[in-house]
Structures are given as C-alpha cells and as structure tokens.
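The residues making up each chain are set out below.
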Amino acid sequence: MGLSSGIGLVGNFGGERRFNYTAYGEVVVIAARLEAANKTFGTRILFSDETLRLAKNPVDVRPV
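These remarks concern the structure in this document. (Residues numbered from 1 in each chain as written. Predicted model: local features only at pLDDT ≥ 70, side-chain atom pairs only at ≥ 80, totals over all residues. Heavy atoms only, no water.)

1. Side note on a nonpolar patch on the surface
Formally: Patch membership is restricted to residues that have no salt bridge and whose relative accessible area is over 30%. Joining uses 9 Å for like charges and 5 Å for the nonpolar side chains Val, Leu, Ile, Met, Phe, Trp and Tyr. We get accessible surface area from the Shrake-Rupley algorithm with a probe of 1.4 Å; when it comes to residues, only the shown protein chains can shield them. We count a salt bridge whenever a side-chain nitrogen from Lys or Arg sits within 4 Å of a carboxyl oxygen from Asp or Glu. Numbered from the N terminus, helices here are DSSP runs of H or I no shorter than four residues, and strands are runs of E no shorter than two.
Together, M1, L3 and I45 give the surface a local cluster of nonpolar side chains, amounting to about 270 Å² of exposed area. By the secondary structure assignment, M1 is in the segment before β1 (2–3).

Set out below in structure tokens:
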C-alpha cells in the first residue's frame, strides 16, 4: 500500500463512448510509486511525509 496526501481529481472521466472512474494528479503518482517501492524495502505500507504530518494518531515509523 502506498499512501500520499494532497489534492487530486477523482471521478468519472471520458466522453459518451468511453467513461472511466479514475484518479489523476501528482498525489496519485506518488502513492503509486510508494506502493511499488514496498518491494525494494521489504515493507507493506509506505506513506509520504505529508501523510505523516497530517496523521492525528501517529504510529511508530522508521524512515526509508
């Protein structure tokens, strides 16, 4: 799992013939890269520093 916090666009995009529910934005790209990086670091959840900053109940973390 990759978690990133910020502004993005989520919803139904497309035209009359092709319509998809998807997400766009830099925050989505960062989350996808964090998810992929889990394999490299041997982790299951990676999140951005912005997500940690916004967390109301911070947990024990280790930086990577």
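2. A closer look at the pairing of strand β3 (residues 19–24)
Selection criterion: In this scheme, strands are said to pair when DSSP sees at least two bridges between them.
Of the pairings in the sheet, the one linking strand β2 (residues 9–14) to β3 comprises 6 bridges and is antiparallel in character. Within the sheet, the bridge partner assigned to F13 lies in β3 and is N20. Where β2 folds back on β3, the antiparallel hairpin that results is connected by 4 residues.

3. As for the side chain of S48
Applicable threshold: In protein, a polar contact requires one atom able to donate a hydrogen and another able to accept it; more generally it is a pair of N or O atoms within 3.5 Å, and residues adjacent in sequence count only if both atoms are side-chain atoms. Residues are treated as being in contact if the distance between any of their heavy atoms lies within 4.5 Å.
The residue S48 is located in the loop between β4 (46–47) and α2 (49–54) in this model. Among the polar contacts made by the side chain of S48, one reaches the side chain of T51 at a distance of 3.0 Å. Apart from the residues lying within four places of it in its own chain, the contact partners of S48 are L3, S4, S5 and L34.

Scope: geometric values only; no functional claims are made or implied.
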